[in-house]
Amino acid sequence: MSELTPADLSILLVEPSTTQQKIIVNLLKTENITHIQLANNIESALASIKLSAPDLVASAMHFTDGTALDLVKLLKNDPMTEDVPFMLVSSEHRKEQLEEFRQSGVVAILPKPFNHDHLAKAINSTLDLLTANELELNFFDVHSIRVLVVDDSKMARNFVSRVLRSLGIERITEAADGAEAISIIKDNMFDLVVTDYNMPEVNGQELTEYIRKESEQSHIPVLMVSSEANEAHLSNIEQSGVNAMCDKPFEPENVRRILFRLFEGEED
């Protein structure tokens, strides 16, 4: 099967401002994307998706009938649309306002205004999701790798698992928090743990410390997924024994490089 290109993508742009619509459409066209549907609120977006599901939803933050978070939750909680990649385009910079989007499994968060590099990166992440491209390893059969995905957000777990499956990883177990992960680890063997940091009861750092100091699988590579930006805080997380850290959104190509290094001991 030939690989998808940006020109193959169908995008639904949900933007209340006609001026912003024109600006973003012109930027999309610079990436050779011409299959673009427009909606100005949640109601019209859902109606458009019902007629024809797009390959990507690019959405502003605020509408007359709700917010982008309302829209992404509606899409992620519907089996018919849960796998449609979602990209937020917003001038919002406050971490607390963007954290829920990171937890929801969006493919990208673009600043407004965004530039060519921002857009190209987001489009490439979308193409990576839509095109199965197995991770090629010398010392492991990618289909046999056993991964435990830990996150208290079901939407985030679904997204992380989808990224892993796009890389050929099929044996995936999910845990809703660190406490459940510890219970699962006691009875099951894994080759990799992918865990969120911020979780109630037992967070990702505490889970990693349990794996390193108390479990019978102290050697398991741990990939920590975090939106934390504080360097001192990140240093503390690293000292707990994590092997690698990855930002949210969970980008397929970045994950590919990290996993190759973890399993092969070198850069791809």
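Please refer to the structure higher up on the page.
Note that the coordinates shown come from a computational prediction; the quantities given were computed from them, not determined experimentally.

Draft legend 1. Here's a closer look at the nonpolar core. Grouped together as the largest cluster of nonpolar side chains are 47 residues, with contacts concentrated most on Leu 164, Leu 223, Phe 250 and Leu 259. With six residues, helix 10 (residues 252-264) is the single largest residue contributor to this core. Setting aside its immediate chain neighbours within four residues, Leu 223 contacts Leu 192, Val 193, Val 194, Thr 195, Ala 244, Met 245, Cys 246, Phe 250, Ile 258 and Leu 259. By size, the runner-up hydrophobic cluster in this structure holds 21 residues, among which are Ile 42, Ala 68, Leu 88 and Phe 101.

Draft legend 2. The packing of helix 7 (residues 178-187) against helix 8 (residues 204-213), seen in detail. Where helix 7 contacts helix 8, the two axes come as close as 9 Å, and the packing angle between them is 20°. With respect to helix 8, the axis of helix 7 lies roughly parallel. Viewed along their axes, helix 7 and helix 8 form a crossing whose handedness is right-handed. Where helix 7 approaches helix 8, its residues Gly 178, Ala 181, Ile 182, Ile 185 and Lys 186 are matched on the opposing element by Leu 207, Tyr 210 and Ile 211. Here the contact of helix 7 with helix 8 is built from residues that sort into six nonpolar, one polar and one charged.

Draft legend 3. Main features of the sheet that holds strand 3 (residues 56-59). Pairing within the open sheet is parallel, and its five strands lie in the order 2-1-3-6-7. Looking at strand neighbours, the two that pair on one side only are strand 2 (35-39) and strand 7 (108-111), the edges of this open sheet. Each neighbouring strand pair of the sheet contributes to a mean axis angle of 20°, computed without reference to strand direction. Across four bridges, the pairing between strand 6 (residues 86-90) and strand 7 is parallel. Considered in strand 7, the bridge of Val 89 is made with Leu 110.

Draft legend 4. Expanded view of helix 1 (residues 18-30). A rise of 1.5 Å per residue sets the reference length of helix 1, with its 13 residues, at 18 Å; its end C-alpha atoms lie 19 Å apart and thus fit the reference within 8%. Of all the positions in helix 1, only Gln 21, Ile 24, Val 25 and Leu 28 are classed as buried. All buried residues of helix 1 lie within an arc of 105° about the axis, which places them on one face of the element. Exposed residues pointing more than 90 degrees away from the buried face of helix 1 are listed as Thr 19 and Lys 22. Among the structural elements, strand 1 (10-14), strand 2, strand 6 and helix 5 (116-130) are those in contact with the buried residues of helix 1.

Draft legend 5. Structural view of the pattern of salt bridges. Overall, the coordinates contain eight salt bridges when judged by the stated rule. With a closest N to O distance of 3.6 Å, Lys 121 and Glu 251 form a salt bridge. Pair noted here: Lys 121 is in helix 5 and Glu 251 is in the loop between strand 12 (244-247) and helix 10, with a separation of 130 residues, a long-range link. For Arg 157, the salt bridge is made with Glu 174, and the minimal N-O distance between the two is 3.3 Å.

The rules behind each value
- Throughout this document, residue positions are counted from 1 along each chain, in the order its sequence is written.
- Thresholds applied to this predicted model are a pLDDT of at least 70 for local features of residues and 80 or more for the giving and counting of side-chain atom pairs; totals over whole chains, interfaces and linings are not thresholded and use all residues.
- Think of the side-chain values as coming from all heavy atoms in the structure, minus any hydrogens and water.
- Definition of nonpolar core: a set of buried residues of the types Ala, Val, Leu, Ile, Met, Phe, Trp, Tyr and Cys, connected through side-chain atoms within 4.5 Å.
- Burial here depends on accessible area, computed with a 1.4 Å probe over protein chains only, as a share of the maximum for the residue type. Under 20% is buried, over 50% is exposed, and the range in between is partly exposed.
- Only DSSP runs of H or I covering at least 4 residues are called helices, and only runs of E covering at least 2 are called strands; the numbering of each starts at the N terminus.
- We call two residues in contact whenever any of their non-hydrogen atoms come within 4.5 Å of each other.
- For helices, the fitted line uses only the C-alpha atoms of the stretch in contact; every axis is such a line through C-alpha atoms, and the angle between N-to-C directions lies from 0 to 180 degrees.
- The cut-offs work like this: below 35 degrees is roughly parallel, past 145 is roughly antiparallel, 65 to 115 is roughly perpendicular, and the gaps in between are oblique.
- Throughout, a crossing is termed right-handed when the near helix is turned clockwise from the far one, and left-handed when it is turned anticlockwise from it by less than a right angle.
- Gly is placed with the polar residues, together with every amino acid not listed as nonpolar (Ala, Val, Leu, Ile, Met, Phe, Trp, Tyr, Cys and Pro) or charged (Asp, Glu, Lys and Arg).
- In this analysis, strands are considered paired if DSSP registers two or more bridges between them.
- Here, expected helix span is obtained from the residue count minus one, scaled by 1.5 Å.
- The directions considered for the arc are those from the helix axis to the C-beta atoms.
- Take a side-chain nitrogen of Lys or Arg and a carboxyl oxygen of Asp or Glu: if they are within 4 Å of each other, that pair is a salt bridge.

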